[in-house]
Amino acid sequence: MNRRIIAPVIGIVVFLGLWELIVRATDVRPFILRAPSRIVSYLLDNAGDYARAAWVTGIHALGGLLIALVVALVVGSLMAASSFLEHATQPVLILLQVTPFVAYIASVVLWLGSGTPPVLFITGLVCMPAFAFATVDGMRGADPAARELLASVDASRWEVLWRLRLPSSLPSLFTAARYNVGLALIAAYLVEGGNFANEGLGNIGRRAAALNEGDALWAAVFAMALLGTLFLLLISVIQRMALHWHVSQRPPRPNWG
Amino acid sequence: MVADSSIVEFLHSRAMSRIVVRDLTKVYGDLPVIDPLSLTIEPGSFVSIIGPSGCGKTTLMRIVAGLEPASSGMVQLDDATPAEARSRKRVAMVPQQPGLLPWRTVHANARLLLDVNTAANPPDATDPMALLEEVGLGDFLDAYPHELSGGMQQRVALVRALALHAPLLVMDEPFAALDEITRAEMRVILARLVEGRGATVLFITHSISEAVALSDRVLVSSTRPSRMMADIAVDLPRPRSADVEDDPRFVALCADVRHALQAGRA
């Protein structure tokens with residue numbers, strides 16, 4: 001066990017311990033704050049339901065992230081190729097990023113119907129800008145010497161994109177992915193809650209809130225936290241494999257010669 | 001079809017290229033970078049251009065490599081314009097920064113120029129493996145650039161250019177970022193690689209001893225706008241080893257270059 005695993009575990013344990021302590025020591029009422037031990041035991045009692053719901057929400061978030069990534073690669077490549085397109089697209093992307101998407105969930109549900117489509121649409125939409133900006137940054141940052149070199153043998157635009165610009169944007173895309181994971185899960189949760197034909201955690205959460213079932217609501221929150229942790233771990237693993245060559249992925253080590 | 005491919009083979013079989021520059025000028029806005037310049041570089045010769053920083057050497061190189069148009073005048077590489085030579089992959093470049101792709105291994109980096117615009121690859125294009133072994137990187141084929149020293153990275157860049165089998169090699173201060181000891185080493189490696197291969201080499205440098213040690217001919221440029229102050233033939237015997245620098249003739253030639261540089265600054 002190394003420090004990179006132990007330290008976060010200790011952090012979480014201390015956080016939950018303090019929370020538990022505060023709830024037990026002070027006489028705070030359960031509908032304001034309940035002890036983590038109580039939430040966890042409720043979650044374990046209903047593990048099957050929550051696991052099924054978490055699976056649905058996880059798929060929604062993942063689907064939204066992948067849609068966002070694909071669209072952003074196209075949009076970002078176009079933006080990197082033309083500064084006119086970049087300037088024209090930027091304000092729209094920023095609008096998408098800063099406006100509260102909760103406000104238009106109902107409209108999108110009316111438009112696309114209930115079920116999975118509006119969840120994927122909104123999740124994809126809100127995650128797209130960060131990926132697009134990351135694509136542009138990464139592509140612009142491609143090594144000028146390598147660009148000149150590829151130009152010197154008349155490499156096509158497509159070859160430059162595929163062999164140089166896209167790999168160059170991987171590090172910033174992973175940074176955006178870490179940022180987008182939280183956003184994707186929250187969007188999936190809220191849109192699930194905003195339409196009634198889903199089995200996701202958002203649905204459990206919304207129903208629990210409406211019926212004042214505090215344990216069920218907080219268990220959904222904990223399940224979301226676990227899901228987020230799982231997503232970030234997954235991204236870390238993929239990142240370590242895909243970016244083994246990048247400065248960010250290696251400890252300082254002596255070089256040859 | 002048969003005729004076509006034999007023409008291609010013929011073009012590539014002459015592994016050298018004559019460069020003819022006539023009345024070439026380059027102006028950026030109002031700023032003249034190259035004054036009317038005419039010169040001929042014989043096929044198979046190693047020619048250095050030396051001059052102060054910002055004198056337009058790199059611009060000249062980029063024009064010859066077809067990466068930038070001239071403002072007026074013409075450049076001819078054998079029967080082709082630089083743009084045509086570029087699209088036929090007949091110009092191999094070694095930039096100042098090695099420009100290795102960090103996600104490719106040494107071997108894959110050495111192949112990079114063969115992996116793009118593949119239609120223009122010479123028919124005798126071979127895997128750069130043997131060249132990598134020749135420059136002492138045989139044990140590092142699967143290493144990544146960040147695992148290499150600066151000198152090793154620049155050796156990969158050399159192999160990457162040579163693997164193209166292009167008749168013209170253009171090098172823009174390829175050793176400028178290296179330490180003195182590594183530079184001396186690279187000089188010997190480059191001389192060995194180029195001698196006997198017959199390619200024409202256009203070599204841009206700031207270093208007087210580097211220019212004299214490597215070249216058949218040294219062109220000395222003035223400060224901007226670039227004018228050629230001197231055209232010095234280097235009559236040192238080949239093959240040249242590191243010891244060529246002890247030769248009194250070498251010392252005398254270096255002095256000639258230095259005086260021409262001083263004249264160009266005045």
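Conventions adopted
Residues numbered from 1 in each chain as written. Chains lettered and ligands numbered in written order. Predicted model: local features only at pLDDT ≥ 70, side-chain atom pairs only at ≥ 80, totals over all residues. Heavy atoms only, no water. Pairing = 2+ DSSP bridges. Helix = DSSP H or I, 4+ residues; strand = E, 2+ residues; numbered from the N terminus. Axes fitted to C-alpha atoms, helices over the stretch in contact; angles between N-to-C directions. Core = buried A, V, L, I, M, F, W, Y, C linked by side-chain atoms within 4.5 Å. Buried < 20%, exposed > 50% of the residue type's maximum accessible area, 1.4 Å probe, protein only. Contact = heavy atoms within 4.5 Å. Buried area = accessible area lost by both parts, 1.4 Å probe. Salt bridge = Lys/Arg side-chain N within 4 Å of Asp/Glu carboxyl O. Polar contact = N/O pair within 3.5 Å; in protein donor to acceptor, adjacent residues only side chain to side chain. 1 Å grid on protein atoms, 1.4 Å probe; cavity = no way out; pocket = protein on both sides within 12 Å on 5 of 7 lines; lining within 4 Å. Points joined across faces, edges and corners; volume = space filled by probe spheres on them. Nonpolar A, V, L, I, M, F, W, Y, C, P; charged D, E, K, R; others polar.

Trainee: I keep staring at the sheet that holds strand 1 (residues 19-28) of chain B and nothing clicks. Help me out?
Mentor: For sheets, the rule is that strands pair by backbone hydrogen bonds, running either parallel or antiparallel. Residue and element names in this part refer to chain B. Taking strand neighbours across the sheet as the criterion, the 3 strands line up as 2-1-4 in an open arrangement whose pairing is antiparallel. The sheet is open, and its two edges are formed by strand 2 (31-41) and strand 4 (72-77), each paired on a single side. Taken pair by pair, the neighbouring strands of this sheet meet at an average axis angle of 20°, ignoring direction. Taken together, the 5 bridges between strand 1 and strand 4 define a ladder with antiparallel strand orientation. Across the sheet, residue V20 finds its bridge partner in strand 4, namely Q76.

Trainee: Whenever I open this one, the nonpolar core confuses me. Can you help?
Mentor: Generally speaking, soluble globular proteins have nonpolar side chains that are buried together. Residues Y50(A), L201(A) and L190(B) are the most contacted members of the largest nonpolar core, which totals 133 residues. Sort the elements by how many residues they give to this core and helix 8 (residues 157-194) of chain A lands first, with 13 residues. If we ignore the near neighbours within four places in the chain, the residues touching L201(A) are Y50(A), A53(A), A54(A), T57(A), Y189(A), E192(A), A220(A), A223(A), M224(A) and L227(A).

Trainee: Explain the environment of I50(B) to me, please; I cannot follow it from the model alone.
Mentor: All names here are of chain B. Topologically, I50 is positioned in strand 3 (residues 46-50). Take I50: its relative accessible area is 1%, and that puts it in the buried class. Spatially, the C-alpha atom of I50 lies 26 Å from that of A163, the residues being 113 residues apart in sequence. I50 has contacts with K57, T205, H206, S207, I208, A211, V218, L219, V220, S221, V257 and L261, leaving out every residue within four places of it along the chain.

Trainee: What's the story with the interface of chain B and chain A in this structure? I'm lost.
Mentor: Frequently, the measure chosen for interface size is the accessible area that the parts lose on association. Facing the 30 residues of chain B at the interface are 23 residues of chain A. For the pair chain B and chain A, the two sides together bury roughly 2400 Å², of which 64% comes from carbon and sulfur. Taken together, the connections running from chain B to chain A amount to 2 salt bridges. Between D154(A) and R86(B) there is a salt bridge whose closest N-O contact spans 3.5 Å. Across the contact surface, chain B and chain A share 5 residue pairs in polar contact (both at pLDDT 80 or more).

Trainee: Whenever I open this one, empty space enclosed by the protein confuses me. Can you help?
Mentor: Where empty space is left in the structure can be found by rolling a water-sized probe over the atoms. Residue and element names in this part refer to chain B. Enumeration over the complete set of coordinates arrives at 1 cavity of 30 Å³ or more. As a volume, the largest cavity reaches approximately 40 Å³. Forming the walls of the largest cavity are I19, V21, L39, I41, I49, L60, V64 and L202. Contributions of two or more residues to the lining of the largest cavity are made by strand 1, strand 2 and helix 2 (57-64). Residue composition of the lining of the largest cavity, grouped by class: 8 nonpolar, no polar and no charged.

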